Amino acid sequence: LLVTDPGAVPQIWHRDNRQPGLTVLVPLTDVDDEVGPTQLLPGTHHLVAGGAIQATAALQRSGGSAAAAPLTPGDLLIYDARVLHRGLGNSS
């Protein structure tokens, strides 16, 4: 169970695992911009699996930008556990 208290600051960028696998987030409440959704850096799983050239190509295809994932109850967020990500801060 992951809880982000009001006033929490953004997490540091991290990955959940260096080995292939999936991370699954199942929100029990709304996770909007105010309470700090998960922010992902698409393509960064290649930094572990395929090296810098593949990671650079993946980041270029994604526009090189981080993607936030607001969620509501009933949604699922599934991503490669090697993707760099962080929880954004909770400004509520």
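Residues numbered from 1 in each chain as written. Predicted model: local features only at pLDDT ≥ 70, side-chain atom pairs only at ≥ 80, totals over all residues. Heavy atoms only, no water.

Could you clarify how one ought to interpret the overall build of the chain in this entry?
Assigned secondary structure in the chain consists of 2 helices and 5 strands. For the chain, the sequential pattern of α-helices and β-strands runs β-β-α-α-β-β-β. In the chain, buried positions account for 29% of the 92 residues. In the chain, 89% of the contacts between residues at least 6 apart in sequence involve partners at least 24 apart. If you sum the accessible surface of the chain, you get close to 5,700 Å²; carbon and sulfur atoms cover 57% of it. (Helix = DSSP H or I, 4+ residues; strand = E, 2+ residues; numbered from the N terminus. Buried < 20%, exposed > 50% of the residue type's maximum accessible area, 1.4 Å probe, protein only. Contact = heavy atoms within 4.5 Å. Areas by Shrake-Rupley, 256 points an atom, 1.4 Å probe, with all protein chains shown as cover.)

Sorry if this is basic, but what is going on with the side chain of T38 here?
Residue placement: T38 occurs in strand β2 (residues 38–40). Its relative accessible area of 14% is what places T38 among the buried residues. Among all residues touching T38, those that are not within four sequence positions of it are L25, A67, A68, A69, L77, Y79, H85, R86 and G87.

What's the story with a nonpolar patch on the surface in this structure? I'm lost.
On the surface, a cluster of nonpolar side chains totalling about 500 Å² of accessible area is made up of L22, V24, V26, L76 and I78. Note that L22 resides in strand β1 (residues 22–25). When its relative accessible area of 65% is taken as the criterion, L22 is described as exposed. (Patch = residues over 30% accessible without salt bridge, like charges linked within 9 Å, V, L, I, M, F, W, Y side chains within 5 Å. Salt bridge = Lys/Arg side-chain N within 4 Å of Asp/Glu carboxyl O.)

When you look at the environment of G36 in this model, what are you seeing that I'm missing?
Structurally, the position occupied by G36 is in the loop between β1 and β2. The class of G36 is buried, set by a relative accessible area of 10%. Sequence separation of G36 and Q11 is 25 residues, and the distance between their C-alpha atoms is 9.9 Å. Discounting residues that sit within four places of it in the chain, G36 has contacts with V31, L88, G89 and N90.

Note that every value here comes from positions in space, so none of it alone points to a role or purpose.
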